[in-house]
Amino acid sequence: MLHIINKSPLERSALDSCLRTAGGGAILLIEDAVYAATRGHAAAARIEEALARFAVYALTPDLAARGVADRLIDGVTPVDYGGFVELVAEHPASHSWL
Amino acid sequence: MSNVKKFVFVNRKAPYGTIYALEALEVVLITAAFDQDVSLVFMDDGVYQLKRGQQTQAIENKNFSPVYRALEGYDVEKLYVEREALAARALTEDDLLVPVTVLSSAELGALIDSQDVVLSF
Amino acid sequence: MGTIEVNGKSYETDEEGYLVDLADWSEEVANHIAAVENVDMSDQHWEVVNFLREYYDEYQIAPAVRVLTKAIGKKLGPDKGNSQYLYELFPYGPAKQACKIAGLPKPTGCV
């Protein structure tokens, strides 16, 4: 399963709910969710923990737009729009969290 | 039928603050009308959708909670509720208006993983 | 949006002729809508229309045809809980046409 999250973890519970329920798979952070994968963020520790169970990706255009592309946590893979499409294509199902 | 897919609808929003819960119900009914395999998951504030005793006259909203009781007639009988979400809201199964299966977070995650299509509301 | 006139009173409908306000419904209004639909209301028709109103009262939705058929079969027996019987009464679709006469919204998931 590819979990797609687009909400800031400090505003909404989507990231926490995903990490609480899903056993593994891939997580793609887009839009405001990319903040979670930046060094020193309150959610960064949870992302680092999640790397043991999930492959974690963050969308570079969204990181760049928010001025945080240089703060991406080690182990989180940056992907562009093409990479987004590939991730969706290679997983049998996607779950776009709201 | 070979074109039956397993659909799970993940409900995470309380009923009247946003339109998501009602919209999810509409899609569930349409999906059921197409004879698909439908499961409903209620987690986070979504568990409030199933709270008994909703009275909406004073907020001038349609009380759509009776629709959950109609789901059985649409052969939608797989309703799953997250135990942790109930506990965090001081709710128990007895507070809910339909029979459900209560699962742990991990069990719920495995259930969602086993579906063909996941729609989040 | 449209309106229908019954006994000098006018009632709002949507563009397909469904009553906008459930509370506007009465037997006279039902008879009027039935006449427009070319349905001659018999006891059998009323039985289905009344069943639909009870269903809506209980569940707050207009049932899809399959659900209606099954529910009627449960309550009134297999002679009436089948689509042939219901389509004979309401040729343009039991859920669509009977719901309109019963003053309910168009059924969700009506396919």
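Above: the structure in question.
Here the residue numbers are simple positions, counted from 1 along each chain's written sequence. Labels follow written order: the first chain is A, the first ligand is 1, and so on. For this predicted model, a pLDDT threshold of at least 70 governs which residues receive local features, and a threshold of 80 or more governs which side-chain atom pairs are given and counted, while totals over whole chains, interfaces and linings are taken from all residues. Each side-chain value is worked out from all heavy atoms of the structure, with water and hydrogens disregarded.

### Focus on the sheet that holds strand E2 (residues 37–42) of chain B
Residue and element names in this part refer to chain B.
- By this definition, two strands are paired if DSSP reports at least two bridges between them. Secondary structure is summarised from DSSP: a helix means a run of H or I of at least four residues, a strand means a run of E of at least two, and numbering begins at the N terminus for each. Strand order in the open sheet formed by five strands is E4-E3-E2-E1-E5, and the pairing between neighbours is parallel. The open sheet has two free edges, formed respectively by strand E4 (101–103) and strand E5 (117–120), since each of these has just one partner strand. For this sheet, the mean angle separating the axes of adjacent strands, direction not counted, is 25°.
- Relative to E5, strand E1 (residues 6–11) runs parallel, the two sharing four bridges. When the bridges of E5 are listed, Val-8 appears paired with Val-118. Interaxial angle, 0 to 180 degrees, is taken between N-to-C directions of lines fitted to C-alpha atoms, where a helix line uses only the stretch in contact.

### Concerning the layout of surface pockets
- Its boundaries defined by the atoms lining it, the largest pocket holds a volume of some 410 Å³.
- Around the largest pocket sit 16 residues that line it, and Gly-73 of chain B together with Tyr-55, Tyr-59, Ala-71 and Lys-74 of chain C are the ones nearest its centre.
- Going through the elements one at a time, helix H2 (66–70) of chain B together with helix H2 (43–59) and helix H3 (65–76) of chain C are the ones with two or more residues in the lining of the largest pocket.
- Any residue outside Ala, Val, Leu, Ile, Met, Phe, Trp, Tyr, Cys, Pro, Asp, Glu, Lys and Arg is labelled polar, Gly included; the first ten of those are nonpolar and the last four are charged. Within the lining of the largest pocket, the residues separate by chemical class into six nonpolar, one polar and nine charged. The distinction between a cavity and a pocket rests on a 1 Å grid over the protein atoms alone: a 1.4 Å probe fits inside a cavity but cannot get out, while a pocket stays open yet meets protein on both sides within 12 Å along at least five of seven lines, and a residue with an atom within 4 Å of a point counts as lining. Grid points are joined across faces, edges and corners, and a volume is the space filled by probe spheres set on the points.

### Some words on the interface of chain B and chain C
- Contacts: residue pairs with any heavy atoms within 4.5 Å of one another. Contact with chain B, which involves 17 residues of that partner, is made by 15 residues of chain C.
- Two parts lose some accessible area (1.4 Å probe) when they are put together, and adding that loss for both gives the buried area. Together, the buried faces of chain B and chain C total about 1,300 Å²; carbon and sulfur atoms form 54% of this surface.
- Broken down residue by residue, the surface that chain B buries against chain C is led by Lys-62, Arg-69 and Tyr-74 of chain B, which jointly contribute 35%.
- Think of a salt bridge as a Lys or Arg side-chain nitrogen and an Asp or Glu carboxyl oxygen that are within 4 Å of each other. At the junction of chain B with chain C, the criterion picks out four salt bridges.
- Measuring nitrogen to oxygen at the nearest pair gives 3.8 Å for the salt bridge that ties Arg-66 of chain C to Asp-35 of chain B.
- For this analysis, a polar contact is any N or O atom pair within 3.5 Å, provided that within protein one partner can donate a hydrogen and the other can accept it, and provided that sequence-adjacent residues contribute only side-chain to side-chain pairs. For the pair chain B and chain C, the number of links is nine residue pairs in polar contact (both at pLDDT 80 or more).
- Looking at the side of chain B that touches chain C, the elements with two or more residues in it are helix H1 (20–33) and H2 of chain B.
- Broken down by element, the residue count for the side of chain B that touches chain C peaks at five residues, all from H1 of chain B.
- Residues that form the side of chain B that touches chain C fall into these classes: nine nonpolar, two polar and six charged.

### Observations concerning the sheet that holds strand E3 (residues 54–59) of chain A
Residues and elements named next belong to chain A.
- Strand order across the open sheet formed by five strands is E4-E3-E2-E1-E5, with parallel pairing between neighbours. Of all strands in the sheet, those bounded by a partner on one side alone are strand E4 (77–79) and strand E5 (94–96). The sheet shows a mean angle of 25° between the axes of neighbouring strands, taken without regard to direction.
- Relative to E3, strand E2 (residues 25–29) runs parallel, the two being bridged by five bridges. Looking across to E3, one finds that Leu-28 is bridged to Tyr-57.
- Together, strand E1 (2–5), E2 and E3 form the strand contacts of helix H1 (residues 14–21), whose direction differs from that of E1 by roughly 160°.

### Remarks on the nonpolar core
- For the purposes of this section, nonpolar cores are sets of buried Ala, Val, Leu, Ile, Met, Phe, Trp, Tyr and Cys residues that join through side-chain atoms within 4.5 Å. Think of it in three bands: residues with accessible area under 20% of the maximum for their type are buried, residues over 50% are exposed, and the middle band is partly exposed, with areas taken using a 1.4 Å probe on protein chains only. Within the largest apolar cluster, 37 residues are counted, with the highest numbers of intra-cluster contacts made by Ile-5, Leu-15, Leu-29, Ile-47 and Val-76 of chain A together with Val-41 of chain B.
- Put simply, the parts of the chain that give this core at least two residues each are H1, E2, helix H2 (44–50) and E3 of chain A together with E1 and helix H4 (105–113) of chain B.
- At four residues, the largest contribution of residues to this core is made by H1 of chain A.
- Ignoring sequence-local partners within four residues, the contact set of Ile-5 of chain A consists of Ala-14, Leu-15, Cys-18, Ile-27, Leu-28, Leu-29, Ile-30, Ala-33 and Trp-97 of chain A.
- The next biggest cluster of nonpolar side chains, apart from the first, holds 35 residues, and it includes Ala-24, Leu-25 and Leu-50 of chain B together with Tyr-55 of chain C.

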